[in-house]
Amino acid sequence: MAQTQYAIRLEHVTKTFGGVAANQDISMQIRRGEILSLLGENGSGKTTLMNMIAGIYYPDEGQIYVNDELADIRSPRDALALGIGMIHQHFKLVDVFTAVENIALGLPKSERFDLRRVRDKARAICEKYQFALDLDQKVYEMSVSQKQTLEIVKVLFRGADILILDEPTAVLTPQETERLFDVMRNMRADGKAVIIITHKLHEVLEISDRVAILRRGCYVGDVVTADATEASLTEMMVGKKVELDIERPEPKDPVRRLAIKDLTVYNAEGLKVLDDVSFDAYGGEILGIAGISGNGQKELLEAIAGLQHPAPGSDIQFFPPEQEDKPMELLGKSPRAINEAGVHLSFVPEDRLGMGLVGSMGMTDNMMLKSYDAGSSPLVDRKAPQELAKEIKEELGVVTPDLNTPVSRLSGGNVQKVLVGRELAASPIVLMTAYAVRGLDINTSYTIYRLLNEQKKKGVAVLYVGEDLDVLLQLCDRILVLCGGRVNGILDGRTATKEEVGLRMTNLVKEDAEQ
Amino acid sequence: MTKATQTVHEPLLRIAKRDGIPFGKKVLIRAVAILLALVVDALFIFFVTGLNPLSVYGVMYQGTFATPVRFSWALRDLATLLCVGIALAPAFKMRFWNIGAEGQVLIGGMATALTMVYLGSSLPAPLLFVAMFAASVVAGALWGFIPAWFKSRWNTNETLFTLMMNYVATSIVACLTNIMRGQASSLGTLNKATKAGWFPVLFGQRYTINIIVVLVLTFAMYAYLKYSKHGYEIAVVGESENTARYAGINVRRVMIRTMIISGAICGLCGFLIVAGKDQTISTTSAGGRGFTAIIVAWLAKFNTFYMALISFLLVFLERGASEIASAYSLNEYAADIITGVILFFILGSEFFINYRVVRRGETHKEGK
Amino acid sequence: MSSLIAWILRAIPFGTIIMYGAMGEIVTEKSGNLNLGVPGIMYLGGFAGFASAYYYENLTANPNPVLSVVIALLCALIASTLGGLIYAFLTITLRANQNVTGLALTTFGMGVANFFGVFILNGSSYSAAPLANKAFAAKIPVLSGLGTVGQVVFSYGFLVYAAIVLAIVLFWFLSRTRVGLNLRAVGENPATADAAGINVTRYKYVATLCGAAISGVGGLYYVLDYNQGIWATTEQIEALGWLAVALVIFTTWKPLNAIWGAYLFGMLYWLYQFLPSLMGISVPSYATDLIQMVPYVVTILVLIVVSLRRKKENQPPASLGIAYFREER
């Protein structure tokens, strides 16, 4: 077999989900002994593409060549047999097992089962790549970075020489990231092909030999890292500005409604997900919140809504209408208490059916999710919610067979209309939306933009967490950029450029100053 | 590699979740399941006993419908079983696995019996009934509260906890009846002379009150789950605790409150059994209904009227089986077999309501 | 002293019944299936073993004790496996609710066993398989005669020792073999097991069937040894079945703990009869009723402590009670 330079070659690969092309006619190559960065915005199709190489998905069209032979990869097993291993963002580990046991899981039957031999072989791998991993430690006792190391060892143990890492640094501290990069360099020196999916430009520049860029499911091209700069990469990643023609009225006498100060939140694993976040939000304006997903957006909104437990020293103040001089502390209040204090806070969460709505209930019952407790009667009043449901159905054109059809049976766009409709009907003073147009078609998206603008004109303080930079730049008055749980600048939506926002999303400005 | 075709990726039969199913089809699937079960049962009857299954089913029918009295017995048994099912409905709707109804009924019945015996001579009848009612409800509620409290605090597994609580209750009942009976070999009928604490005879039967109470409860629980704020909270918590928190619902409080209600109604059922049906108490007073009712509640998807239907089916089978037993000198355990088979078929039929089997090549919507 | 010995002689056979039940349930639960049909399965195993031995003895001219043991064991295993198959098909293939299906299986197993039991009894109050009982309860020759130690350690039927061996084998199987490791992964995290190329459905089936077979031996032991080869239609097996489920919790899903746990439960169960005479006090009979709850209270305490300490090793398998549907990943 003639060894050529390509470990993997993709030719005209296309994958479609429910009519939407996640990957469109992609052709690219990965060489042995190189580290390739796969760069792209959220939803640009990076993970889907790699999943096809790893056997999770099967391409609709196109071919995958591994070591210059046409390969038919139908399962992760097939992929491993070809020497391809992928480390997913969500680890596939059994918590109560030790590292060795996890490595031994699903080993081929042809091998004699001997945990000691597994341990010896795993230890050899650890030594070779200088992993600091206690092989007899239980997974639940491990840090995120140790779990990730274990996943890498698992893949190497199976003899993988093509490694795909899906956003490996998202969960790591800078020191851990450095260590991971050392490992990757070792693997490169060992002749392995390494692909890293990432958004962080400085990491791309630091670790990779070559960068391949995807945008909206299409292959934009590749550049040798040495020839690239953050600016050039950002431009390739975000593309030219697209005119969306979204209305943006001037804010009319904005009044301060929220003052967030030093907001810090730790997640269940004890990681800092929000770090000293401070900003003000004003009535009559839309404050956009930009950032790669998982950089604290979810926690920020949930903290304001009373669903998180911020660390001591944090502060969230609300300034009631007509009584702006009497700020009210929201911190420590439950969602119910916030509501009862007269703070009309509407929140469209990211997880529509898992948090914002009850999937098994119809529109009517979902209308009263936050208001069912009003009044002193022990019975729920379905008359008003039903009227409201009817209104929303008509005004927003919700397609549903019946007001009592479980909302989980509606299409994604209709689900979102129900949720947004309910939250707007509560006549909010503050309105928070997370990924309000994700997965929606153009028409529905524009309906949502229109509704948000209507709220803005009414003097509502709107917080809009979004992922599409074009939308953020054309809808929002100000754009707060979150990066690694920190505020990485608040820009004027009218003057900011796409590149500027993109850069701030991927790179802490303060760090730049230090470098 | 060249041999590989698309077929490997898409198996011949694939299972997909249904988006929903018309009411008529649902009923049809269940009816077919019960019919199949009856056929299997008929085969069983024929091969084991050599009897004509149809005539056996005919005799079974007699068990419930031969005379008005038999029908009223069936209603009495139905009331008892349904009462436990009603008690379990809110807990199960909240996805709280209360396997402890047996114990909650027993402890409620025990509290009733104690009140009956020790206050029977000192309290006037109306007050005595109030005291019995209160004692049973409090005892049952306590039995529901304990596992709920631990679950809400430390997420202690409620299935196993409530299961164990059954046997704690059984021991307590055994101990107390032992004390109460003194030297006698069994407890016997309580307050036999004074009939204090016995429900009055209504329309010829003492258990008429049981039937009325359960009838009221059937409507009340249906309304509670469907129209009350509590019922709404239960539905939200059962669906998603995340959503409940988002809506500002205090999940812990709802959990404890619901289990207190569930246990209290079980306790009330104990009250009905002692005052309206048996006039005594023993470790077998609940008679396994605590377990059967779980199946009733689950199959009816917590709709109390469906529960009444399913309870009726089970009681009908039970009474029919004892009728067969005496008619053909078989034994009553046939009821358990017939019931078991029917339950298996109904449980299995749920699959065809919730899922559909997609054949290869059939067009289907891509899963999310 | 003699009453202590008598106590132990009661506790160990009693413990053996629930030990089989619990070991079977541990295997089942390790695959993520919570089978509340254990009592029903024990009924099936006990009855099938008894009925086959009974007919063999009564229909054969010269019944051979060894053959009667083999026949009874085989029939018990087959019947309980079939019981497990009903549960497995409904919960794994048809994804019916595990708790409800288990309870229905308990009703069914109890019905089948008692219906045919009464059938065999045919009017008499009990029925016996003396030969099989003798074979099952045969003490170890010579050793059982060696004084007190011989009496306490060697005077039981072979199934008592088989249970201990089985517990050790299960321990070894679960912790040291490939299949055991894979099985535990299926119960903990089926999606991960699936991704590792383990056939989750097959593992669940095999574990549930094997578990049912083991549980069924408990019923067999109860009838042909503990109950002296007498089939009397009782509710006893049901109570024993639930005690076996309790024992699973008590052992925190570890087969080795089942050995001492089962004997401890046996001691606790017979506490009411032997403790008073051992301490030379007389306890009223109502108090003995109360003492009977001790095994269950202890189990509840274990359950609470386990949930309090949140020590991962002592938790139930993480996906216990949940049907696995790959597309819901």
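Residues numbered from 1 in each chain as written. Chains lettered and ligands numbered in written order. Predicted model: local features only at pLDDT ≥ 70, side-chain atom pairs only at ≥ 80, totals over all residues.

Can you help me understand the overall build of chain A in this one?
A tally of regular secondary structure across chain A gives 18 helices and 20 strands. In terms of overall size, chain A behaves like a compact globule, its C-alpha atoms giving a radius of gyration of 25 Å where 515 residues would be expected to give roughly 24 Å. Overall size of chain A, expressed as C-alpha extent along the three principal axes, is 75 × 50 × 50 Å. The buried share of chain A, taken over its 515 residues, is 49%. Considering only intrachain contacts with a sequence separation of at least 6, the fraction spanning at least 24 residues in chain A is 68%. (Helix = DSSP H or I, 4+ residues; strand = E, 2+ residues; numbered from the N terminus. Rg over C-alpha atoms; globule rule 2.2 N^0.38 Å. Buried ≥ 20, exposed ≤ 12 C-beta atoms within 10 Å, placed from the backbone. Contact = placed C-beta atoms within 7 Å.)

It is not clear to me how the overall build of chain C should be interpreted in this structure. Could you clarify?
Counting secondary structure elements, chain C contains 14 helices and two strands. For a compact globule of 329 residues, the expected C-alpha radius of gyration is about 20 Å, and chain C comes in at 20 Å, within 12% of that figure. On the principal axes, the C-alpha backbone points of chain C span a range of 60 × 50 × 40 Å. Burial statistics for chain C: of 329 residues in total, 55% are counted as buried. Within chain C, contacts between residues at least 6 apart in sequence are counted, and of these 81% link residues at least 24 apart.

Would you take a moment to explain the interface of chain C and chain A for this structure?
When the parts of a complex come together, some accessible area is lost, and that lost area is often taken as the interface size. The partner chain A presents 14 residues to the 15 residues of chain C that form the contact. The set of elements that each furnish at least two residues to the side of chain C that touches chain A consists of α8 (178-188) and α9 (190-195) of chain C. The greatest single-element share of the side of chain C that touches chain A, amounting to five residues, is contributed by α8 of chain C. In the side of chain C that touches chain A, the residues fall into six nonpolar, five polar and four charged. (Nonpolar A, V, L, I, M, F, W, Y, C, P; charged D, E, K, R; others polar.)

Could you clarify how one ought to interpret the confidence of the model for chain C in this entry?
For any part of a model where pLDDT is low, the fine detail of the predicted coordinates should not be relied upon. Residues and elements named next belong to chain C. Per-residue confidence for chain C averages 87 on the pLDDT scale, and 97% of its residues sit at or above 70. Across chain C, the secondary-structure element scoring lowest on mean pLDDT is strand β1 (residues 127-128), at 76, and the one scoring highest is helix α10 (residues 200-226), at 94. ipTM for the predicted complex: 0.87, alongside a pTM of 0.84. (pLDDT = per-residue confidence, 0-100.)

Which parts of the structure should I look at to understand the domain arrangement of chain A?
Residue and element names in this part refer to chain A. Annotation of chain A at the domain level lists domain 1 (6-238), domain 2 (255-344 + 428-514) and domain 3 (362-426). A separation of 26 Å is found between the C-alpha centroids of domain 2 and domain 3. Opposite the 13 residues of domain 2 that make contact, domain 3 presents 10 residues. When residues in the side of domain 2 that touches domain 3 are grouped by element, the largest group, five residues, is from helix α15 (residues 442-457). (Domains from an automatic or database assignment.)

Looking at this structure, how should I read the sheet that holds strand β16 (residues 345-348) of chain A?
Residue and element names in this part refer to chain A. The sheet built from six strands is open, its strands ordered β16-β17-β18-β13-β19-β20 with mixed pairing. The open sheet has two free edges, formed respectively by β16 and β20 (486-492), since each of these has just one partner strand. For this sheet, the mean angle separating the axes of adjacent strands, direction not counted, is 15°. The pairing of strand β13 (residues 286-290) with strand β18 (residues 461-465) spans four bridges and is parallel. (Pairing = 2+ DSSP bridges. Axes fitted to C-alpha atoms, helices over the stretch in contact; angles between N-to-C directions.)

What is the right way to read the nonpolar core from this model?
Where a protein is soluble and globular, its nonpolar side chains tend to be buried together. Residues Tyr464 of chain A, Ala297 of chain B together with Met23 and Leu247 of chain C are the most contacted members of the largest nonpolar core, which totals 390 residues. Sequence-distant contacts of Met23 of chain C, that is, excluding residues within four places in its chain, are made with Leu166, Ala167, Leu170, Ile214, Pro255 and Ala258 of chain C. (Core = buried A, V, L, I, M, F, W, Y, C linked by C-beta atoms within 7 Å.)

Explanation requested: the interface of chain B and chain C in the structure shown.
The interface is formed by 38 residues belonging to chain B together with 39 residues belonging to chain C. At the level of secondary structure, the elements contributing two or more residues to the side of chain B that touches chain C comprise α6 (125-154), α7 (158-181), α12 (289-299) and α14 (334-354) of chain B.

Help me understand helix α7 (residues 158-176) of chain C in this model?
Every α-helix winds through 3.6 residues per turn, so residues three or four apart in the chain are directed the same way. All names here are of chain C. Compared with the 27 Å implied by 1.5 Å per residue over 19 residues, the 26 Å span of α7 between its first and last C-alpha is a close match. Here α7 has its buried residues at Leu159, Val160, Ala163, Leu166, Ala167, Leu170 and Leu174. The arc that holds the buried residues of α7, viewed along the axis, is 110°, so those residues lie on one side. Set apart from the buried face of α7 by more than 90 degrees, the exposed residues are Val165 and Arg176. Contacts from the buried residues of α7 go to α1 (2-30), α5 (130-137), α8, α10 and α12 (255-279). (Expected span 1.5 Å × (residues − 1). Arc of directions from axis to C-beta.)

What should I look at first to understand the packing of helix α5 (residues 101-119) of chain B against α6 of chain B in this one?
Packed helices, taken two at a time, are described by the angle their axes make and the gap between the axes. Residues and elements named next belong to chain B. Between α5 and α6, the shortest axis-to-axis distance is 8 Å and the interhelical angle comes to 150°. Put simply, α5 runs roughly antiparallel to α6. Two packed elements cross with a definite hand, and for α5 against α6 that hand is right-handed. Here α5 contributes Gly103, Gln104, Ile107, Gly108, Gly109, Met110, Ala111, Thr112, Thr115, Met116 and Leu119 to the contact with α6, which in turn contributes Leu128, Ala131, Met132, Ala135, Ser136, Val138, Ala139, Gly140, Trp143 and Gly144. (Parallel < 35°, antiparallel > 145°, perpendicular 65-115°, else oblique. Left-handed = near helix turned anticlockwise from the far one by under 90°.)

Honestly, unusual backbone geometry in this entry has me stumped. Any pointers?
Residues other than glycine predominantly adopt negative phi, and peptide bonds predominantly adopt the trans conformation. Residue and element names in this part refer to chain A. Phi at His12 takes a positive value of approximately 50°, unusual for a residue other than glycine. Among the residues examined, His12 registers 12 C-beta atoms within 10 Å and is labelled exposed. Phi is positive for Asp276, which is not a glycine, with a value near 50°. Asp276 gets classed as partly exposed once you count the C-beta atoms within 10 Å, which come to 15.

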